[in-house]
Amino acid sequence: MSDRSRDPGDARKADAPWIFRTYAGHSSARASNELVRANLAAGQTGLSIAFDLPTQCGYDPDHPLARPEVGKVGVPIASLDDMHALFEGIPLDQMNTSMTINGTAMWLLALYVGLARERGVPEAKLRGTTQNDIVKEYLARGTYLFPPEPSFDLIAETYEYCVARMPLWNPSNVCSYHLQEAGATPVQELAFALADAIGVLDRVRARGRASAAAFAQCVGRVSFFVNAGMRFVEEMCKMRAFVELWDELCRERYGVLDPKLRQFRYGVQVNSLGLTAQQPENNAWRILIEALGVTLSRDARCRALQLPAWNEALSLPRPWDQQWSLRLQQILAYETDLLEYGDLFAGSPVVAAKVDALCRAARAELAQIAAHGGIQGAIDSGYCKQALVRAMAARMARIERGDQVVVGVNRWTDGLGSPLVGGDDGGMFRADPAAGEQALAALAATRARRDAGRVAAALAALEAAARAGAPLMEASIECALARVTTGEWAAALRGVWGEYRAQTGVTGARLGAGEGWDALRARVAGLPRRPKLLVGKPGLDGHSNGAEVIAVAARDAGFEVIYAGIRLEPAAIAQTAAQEDVDLIGLSVLSGSHLELVAAVMTELRARGAGDVPVVVGGVVPVRDHAELARLGVRRIFTPSDYKLTEIVGALIELCARGTSPQATRI
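This structure is a prediction, so every number in the text was calculated from the model and none was measured. (Residues numbered from 1 in each chain as written. Predicted model: local features only at pLDDT ≥ 70, side-chain atom pairs only at ≥ 80, totals over all residues. Heavy atoms only, no water.)

## A closer look at helix α5 (residues 134-141)
Okay, step 1: Judged by how many residues are buried, α5 sits mostly within the fold: 8 of 8 residues are covered.
Okay, step 2: Looking at α5, one finds that the buried residues are Ile134, Val135, Lys136, Glu137, Tyr138, Leu139, Ala140 and Arg141.
Okay, step 3: By the N-cap criterion, in which a side-chain oxygen at the helix start approaches the backbone nitrogen of a residue two or three places on, α5 is capped by Asp133, the distance to Val135 being 3.1 Å.
Okay, step 4: Positive phi appears at Gly142, one or two residues downstream of α5, with a value of about 90 degrees. (Buried < 20%, exposed > 50% of the residue type's maximum accessible area, 1.4 Å probe, protein only. Helix = DSSP H or I, 4+ residues; strand = E, 2+ residues; numbered from the N terminus. Polar contact = N/O pair within 3.5 Å; in protein donor to acceptor, adjacent residues only side chain to side chain.)

Put into structure tokens, the structure is as follows:
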């Protein structure tokens with residue numbers, strides 16, 4: 001019996017808490033298995049699997065683009081053998097498993113089903129979610145593989161399959177989390193996410209492969225994965241607006257009558273964008289405040305919550321850091337009386353007015369997206385991407401001006417040193433340097449053991465089905481059981497549908513205003529010629545916000561900017577630099593692979609006679625790596641601590657001034 005103090009007249013039973021998750025995966029399948037089992041023992045109640053970039057982008061660990069990225073931001077999964085290692089000792093029929101996977105979502109779901117079949121677990125008992133949101137990959141995160149048309153069909157088929165065979169599984173997770181990370185306002189997060197869900201459900205309906213009853217179940221299986229920032233009143237109202245708009249959409253657009261199938265079901269990871277490298281101990285309080293925005297309102301409370309760790313602006317979290325975030329959830333759920341009462345905000349005129357304003361603005365934005373041909377048309381035209389880049393640029397400008405206060409960054413910057421970053425590791429996670437070799441060894445072992453004939457037949461059937469427009473899920477499951485690899489599955493479908501490059505969104509965005517920017521423009525105008533900056537994203541890292549903002553800022557200051565988007569090979573960056581005779585190269589890497597990728601770019605530049613072009617690097621770069629980057633020839637390093645765009649652009653101008661002077665070797 002609870003010993004909490006309660007009103008004797010309140011006989012209401014306390015609600016069950018949400019699912020407690022931590023986002024986990026690194027180095028290798030076996031290392032990740034140890035981590036998630038430890039988290040479960042510590043009180044975590046569901047799994048949230050982080051996959052590494054090669055797995056997310058459809059490459060095997062031995063692919064040239066993959067080698068520097070293996071095991072850096074998640075677990076490498078190349079085959080069903082890796083899935084067995086990842087879930088060893090974890091009962092699938094008792095677990096709620098969330099998989100953050102998008103472009104290769106059908107493949108990872110097929111691997112999970114294949115794992116269940118080999119363990120003898122009925123598919124109908126599998127419970128969990130594949131994120132499976134390709135829209136936000138085109139707009140914000142970059143782990144897409146194929147063009148929109150076949151990508152939407154892959155998502156639609158997972159709905160059809162799961163409703164028929166896996167009724168407890170969420171086929172996709174419409175993910176507005178990364179939209180906010182890319183700068184989206186609450187209205188944009190509402191409208192873009194709902195337009196995303198409309199795009200998926202309209203595709204399911206247009207395919208005509210689901211009966212009316214099955215389609216209603218498809219609507220009921222849509223789940224969302226949202227973000228919650230620091231303005232927790234506004235964020236809480238945003239969630240209530242989501243509930244209202246989703247119910248309205250399900251009734252009016254899709255004719256769903258069952259209230260249970262119209263429920264807005266969502267999980268959360270609270271905002272990582274606002275976490276700071278400066279005074280990182282402050283992040284603990286930010287995370288708590290953000291969690292309140294999605295837990296205080298019972299009528300719009302999340303169903304699952306995962307929290308970042310205090311040091312995620314510095315590196316991946318260590319196990320202790322994840323435990324600290326998990327304890328925050330447990331204290332909120334079990335030590336407070338939050339779960340014992342009904343909705344705290346029902347009837348509030350302030351909340352009602354804010355929710356109404358958000359709903360009206362979101363409906364207007366949805367109309368704009370519809371005018372562009374729906375979400376797919378808004379992707380192809382660049383409408384949504386450009387809106388996000390403009391919103392992020394505006395956010396950065398507000399912080400630099402001081403209009404948006406960030407404690408420890410642009411206000412109250414003096415303080416005592418943090419003991420949390422003491423110790424031998426500096427408070428930061430260190431990836432296992434042997435992870436890549438372990439993944440390569442596991443891949444080689446799988447290839448040596450498998451039946452080559454069965455592999456060839458499975459891949460041939462997959463390709464034939466794709467060319468015929470036939471269902472692919474069963475063909476993918478057979479590929480999984482045959483030990484086809486992630487790279488082979490993706491390569492077969494790339495061969496049918498081709499590759500895709502999304503819009504960069506930097507066209508038309510502006511942010512430079514005021515005396516500081518006027519001074520920068522004057523400095524650029526005083527150079528012997530207009531400087532040319534190449535902004536490059538080497539490797540598989542698709543988080544392009546920083547690169548896009550720098551591209552916009554430099555262009556505003558007067559630079560000629562070349563930015564071709566994400567996922568570039570080092571050789572391609574070097575070739576462009578040599579052909580365009582650029583004055584400066586800016587490389588952006590947030591995946592932890594900066595040492596390997598910068599070394600590769602430098603080697604390629606020297607091979608093309610462009611080794612003297614100044615190179616700067618931006619991203620999550622620990623101080624311990626700065627000396628090595630300098631040894632490689634990097635002139636400047638910019639980290640999350642460098643938030644003043646005028647200072648960053650000023651440093652770029654200074655480097656170009658040296659290179660464009662009459663005495664410089666490059667003319």
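## Description of the sheet that holds strand β5 (residues 127-130)
Okay, step 1: The sheet built from 5 strands is open, its strands ordered β2-β3-β4-β5-β6 with parallel pairing. Looking at strand neighbours, the two that pair on one side only are β2 (23-24) and β6 (169-170), the edges of this open sheet.
Okay, step 2: In terms of strand pairing, β2 meets strand β3 (residues 47-50) through 2 bridges, oriented parallel. Bridge pairing links Tyr23 to Ser48 in β3.
Okay, step 3: Where helix α4 (residues 105-119) meets the sheet, it contacts β4 (96-100), β5 and β6, and its direction lies at approximately 150 degrees from that of β4. (Pairing = 2+ DSSP bridges. Contact = heavy atoms within 4.5 Å. Axes fitted to C-alpha atoms, helices over the stretch in contact; angles between N-to-C directions.)

## Section: the packing of helix α22 (residues 570-580) against helix α23 (residues 594-607)
Packed helix pairs are characterised by how far apart their axes lie and by the angle those axes make with each other.
Okay, step 1: Look at α22 against α23: their axes get within 8 Å of each other, and the N-to-C directions meet at 40 degrees. Comparing the axis directions of α22 and α23 gives the class oblique. With respect to the hand of their crossing, α22 and α23 are arranged in right-handed fashion. Counting all contacts with α22, which are made through Pro570, Ala571, Ile573, Ala574 and Ala577, the residues of α23 involved are Ala600, Val601, Glu604 and Leu605.
Okay, step 2: A breakdown of the residues in the contact of α22 with α23 according to their chemical character gives 8 nonpolar, no polar and 1 charged. (Parallel < 35°, antiparallel > 145°, perpendicular 65-115°, else oblique. Left-handed = near helix turned anticlockwise from the far one by under 90°. Nonpolar A, V, L, I, M, F, W, Y, C, P; charged D, E, K, R; others polar.)

## Quick notes on a nonpolar patch on the surface
Okay, step 1: A contiguous nonpolar patch, built from Val405, Val407 and Trp412 and spanning about 290 Å² of accessible area, is present on the exposed surface.
Okay, step 2: Looking at the secondary structure, you find Val407 in the loop between α15 (383-401) and α16 (435-449).
Okay, step 3: Accessibility expressed as a relative area gives 35% for Val407, which makes it partly exposed. (Patch = residues over 30% accessible without salt bridge, like charges linked within 9 Å, V, L, I, M, F, W, Y side chains within 5 Å. Areas by Shrake-Rupley, 256 points an atom, 1.4 Å probe, with all protein chains shown as cover. Salt bridge = Lys/Arg side-chain N within 4 Å of Asp/Glu carboxyl O.)

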